[in-house]
Amino acid sequence: MRTSMPGGAAGRTLMGLLLILWFTLPMIPVALWAVAGRWHAPAVLPQTYSWEGWSSAASSGLFPALLASALLGAGVAILATPLGFMAAVSIRRLPRRYARPVEGILLAPLAIPPFALVMGMNVVLLRAHVPAAAGVLLLLVVTALPYTVFMFRSALAGYDDRFEEAARSLGASKAQSIRHVRLPLLTAATSRAAFLAFLVGWGDYIVTLIVGGGQLRTLPMTLASAASATGNEQLTAVLSLTVVLPPLALLTALLLTRRHGRIR
């Protein structure tokens, strides 16, 4: 894309700015509602500003919900990332005629509607007496697995095993070749896979609602509860920003870390 995009560096810069504008424009009204005290039509901007929505969010359980969502997202990322890597490595070693069906099975959760998957598995989890938190985590790991497998499959398509063979021939053990060769070469794919898995757990609502049975109070649950009531525009806007901003901050940190690693 970099070589074929017209306009060269200027065209790429313009396209990047347009994409940033495309994603940030819808968030401007939400950000204004988060600090709006009084905003009635036909006024373009709020007539008064207030931080009451933030205090209401704090009193409605914002920080426990934030912690629950962060722990759920981190748990999904910790489990789904290595599982996706092992599945991608196993598929890579299979013959092509066997690799395609196995890959299709691993990607099947993307084709199944989430509601149907949750309703079917919820009965199994209830009969097996699986705790609500463990059931939510298990189903979200299954949901995130296709994304992690796809990330590692794409990375392993251009991975050359001869780097590890060269390290082994120079005296490195298998563990050392994995630590000093494989992991650095797959750092970008690992960070992308972990980030996508984190998003699955962070932004989930259906699985947490049905399987959790109201025992897990995450940010999406709190946001849905506020949005279902009338007159909570400011509180809903505050919770919406709280759902969106932490993943953006995490993504920015990953991009900066990757850029710093390339410079090193």
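The sections below set out a description of the structure shown in this document. Note on numbering: residues in each chain are counted from 1, in written sequence order. Given that the model is predicted, a residue must reach a pLDDT of at least 70 before its local features are reported, and side-chain atom pairs must reach 80 or more before they are shown or counted; all residues, however, enter totals for whole chains, interfaces and linings. By convention in this description, side-chain values take in all heavy atoms of the structure and omit both hydrogens and water.

**Some details on the packing of helix H8 (residues 162–169) against helix H9 (residues 174–185)**
The angle between the axes and the distance between the axes are what describe a pair of packed helices.
Link 1 in the chain: The N-to-C vectors of H8 and H9 enclose an angle of 145 degrees; their axes lie 9 Å apart at closest approach. Seen along the crossing, H8 lies across H9 with a hand that is right-handed. Across the interface between the two elements, Phe163, Glu164, Ala167 and Arg168 from H8 touch Lys174, Ser177, Val181, Arg182 and Leu185 from H9.
Link 2 in the chain: Only Asp, Glu, Lys and Arg are considered charged, only Ala, Val, Leu, Ile, Met, Phe, Trp, Tyr, Cys and Pro nonpolar, and every remaining residue, Gly among them, polar. Residues of the contact of H8 with H9, tallied by class, amount to four nonpolar, one polar and four charged. Interaxial angles span 0 to 180 degrees and are taken between N-to-C directions of axes, which are lines fitted to C-alpha atoms, for helices over the stretch in contact. Only runs of H or I of at least four residues qualify as helices and only runs of E of at least two qualify as strands under DSSP, and these elements are numbered from the N terminus. In this scheme the crossing of two helices becomes right-handed for a clockwise turn of the near helix relative to the far one and left-handed for an anticlockwise turn of less than a right angle. Contact criterion: two residues are considered in contact whenever any of their non-hydrogen atoms come within 4.5 Å of each other.

**Concerning the packing of aromatic side chains**
Link 1 in the chain: Only Phe, Tyr and Trp rings are paired, with Trp represented by its six-membered ring, and only when their centres lie within 6.5 Å; those with planes under 30 degrees apart are stacked, over 60 edge-to-face, the remainder tilted. For the coordinates displayed, the defined rule picks out four aromatic pairs.
Link 2 in the chain: On the basis of an interplanar angle of 45 degrees and a centroid distance of 6.3 Å, the ring pair of Trp51 and Trp54 is categorised as tilted.
Link 3 in the chain: For Trp51, a relative accessible area of 62% translates into the label exposed.
Link 4 in the chain: Residue exposure (1.4 Å probe, protein chains only): buried if accessible area is under 20% of the type maximum, exposed if over 50%, otherwise partly exposed. Look at Trp54 and you get partly exposed, because its relative accessible area is 29%.
Link 5 in the chain: Measuring from centroid to centroid gives 5.3 Å for Phe85 and Phe152, while their planes differ by 70 degrees, and the two rings are edge-to-face. Taken together, the residues span a long stretch of sequence, with Phe85 in helix H4 (residues 62–93) and Phe152 in helix H7 (residues 132–157) at a distance of 67 residues.
Link 6 in the chain: Since its relative accessible area comes to 2%, Phe152 is described here as buried.

**Here we look at the nonpolar core**
Link 1 in the chain: One finds Leu140, Val207, Val211 and Leu239 to be the most contacted residues of the largest nonpolar core, which totals 30 residues.
Link 2 in the chain: Mapped onto this core, the elements with two or more residues apiece are H4, helix H6 (114–127), H7, helix H10 (187–202), helix H12 (219–227) and helix H13 (233–263).
Link 3 in the chain: Residues in contact with Leu140, not counting those within four places in the same chain, are Leu72, Val76, Val200, Gly201, Asp204 and Val207. Each nonpolar core is a collection of buried residues, namely Ala, Val, Leu, Ile, Met, Phe, Trp, Tyr and Cys, held together in the definition by side-chain atoms within 4.5 Å.

**Describing the packing of H4 against H10**
Link 1 in the chain: The geometry of H4 relative to H10 is characterised by a closest axis approach of 7 Å and an angle of 135 degrees between their N-to-C directions. Viewed along their axes, H4 and H10 adopt a mutual orientation that is oblique. When the axes of H4 and H10 are compared, the crossing they make is right-handed. Contact residues: Leu66, Ser69, Ala70, Leu72, Gly73, Ala74, Val76, Ala77, Ala80 and Thr81 in H4; Thr190, Ala193, Ala194, Ala197, Phe198, Gly201 and Trp202 in H10.
Link 2 in the chain: Of the residues that constitute the contact of H4 with H10, the class distribution is 12 nonpolar, five polar and no charged. Orientation is classified from the angle alone, with under 35 degrees giving roughly parallel, over 145 giving roughly antiparallel, 65 to 115 giving roughly perpendicular, and any other angle giving oblique.

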